[in-house]
Amino acid sequence: MKPYIHTVQYYETDCMGITHHSNYIRWMEEARVDFLTQVGWPLKTLEEMGVVSPVTALESRFHATTTFADAVSIRVAVLQCSGVRMKLAYTMEKADGTKVFSATSEHCFLDRSGRIVRLKKELPGFYQAVAALAGQDC
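The structure contained in this document is the topic of the report that follows. (Residues numbered from 1 in each chain as written. Predicted model: local features only at pLDDT ≥ 70, side-chain atom pairs only at ≥ 80, totals over all residues. Heavy atoms only, no water.)

**A few points about helix α1 (residues 22-38)**
Spelled out, the test is: Secondary structure elements are defined from DSSP: runs of H or I of at least 4 residues count as helices, runs of E of at least 2 residues count as strands, and each element is numbered from the N terminus. For a helix, the expected span equals 1.5 Å multiplied by the number of residues minus one. For every residue, the accessible area obtained with a 1.4 Å probe (protein chains only) is divided by the maximum for its type, and the residue is called buried under 20%, exposed over 50%, and partly exposed between those limits.
Between its first and last C-alpha atoms α1 spans 25 Å; for 17 residues at 1.5 Å apiece the expected length is 24 Å, and the two agree. Of the positions making up α1, those classed as buried are N23, Y24, W27, M28, A31, R32, F35 and L36. Phi turns positive, to about 90°, at G40, one or two residues after α1.

Printed below as a string of structure tokens:
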């Protein structure tokens, strides 16, 4: 899979000219949406089917800074995909290969009423597409 590329915008930087830390979480979301599209299951499609995937956990580590106009490459990998949860890993690098951020996010799957969606049973195509990538760098 192709990495998602985000170019740091001026408004994402602080008074020191460094990207504000809160933006990295937003970029994770951008990359996750792009990842789902690349595996053939756009988030919009899942939501139209009545499935939402709230974040249940986040872990992150900052390695280096980014600044205005830096191109940040974001790779997404599936660490785990059970019948009801998915854990993703994110690695962000600048164009020169400098690792700037790494993180994981965990998501569950719910219908619009808040009931757990069992992927293997209710969305087997999605489950197979994502579970097949578990442990692989995407």
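Okay, back to it.
**Regarding the sheet that holds strand β4 (residues 71-81)**
Stated precisely, the cut-off is as follows: Strands qualify as paired when DSSP identifies two bridges or more between them. Geometry is summarised by axes, namely lines fitted to C-alpha atoms with helices restricted to the contacting stretch, and by angles between N-to-C directions that run from 0 to 180 degrees.
Taken together, 5 strands build an open sheet; the order of strands is β1-β4-β5-β6-β3 and the sheet is antiparallel. In this open sheet, the two edge strands, each paired with only one partner strand, are β1 (4-7) and β3 (55-62). Adjacent strand axes in the sheet meet at a mean angle of 20°, parallel and antiparallel pairs treated alike. In this structure, β4 lies alongside strand β5 (residues 85-94), joined through 9 bridges in antiparallel fashion. What sits directly across from I74, in β5, is M92.

**A short note on the packing of aromatic side chains**
Aromatic rings considered in pairs are described by the distance between their centres and by the relative angle of their planes. In plain terms, the rule: Classification of ring pairs rests on two measures: the distance between centres of Phe, Tyr or Trp rings, Trp counted by its six-membered ring, which must be within 6.5 Å, and the angle between planes, read as stacked under 30 degrees, edge-to-face over 60 and tilted in between.
Here the structure, examined in full by the defined rule, presents 7 aromatic pairs. Ring centres of Y10 and F68 lie 5.7 Å apart, and the angle between their planes is 90°; this geometry places the pair in the edge-to-face category. Taken together, the residues Y10 in the loop between β1 and α1 and F68 in the loop between β3 and β4 connect sequence positions 58 residues apart. Y10 sits in the exposed class, given a relative accessible area of 62%. Between the aromatic rings of W41 and F126, the centroid separation amounts to 5.7 Å while the plane-to-plane angle is 75°, which identifies the pairing as edge-to-face. Taken together, the residues W41 in the loop between α1 and α2 (43-48) and F126 in helix α4 (residues 124-131) connect sequence positions 85 residues apart. F126 shares its class with W41; the two are buried. Among the aromatic residues, ring-to-ring pairing joins Y24, W27, F62 and F101 into one connected group.

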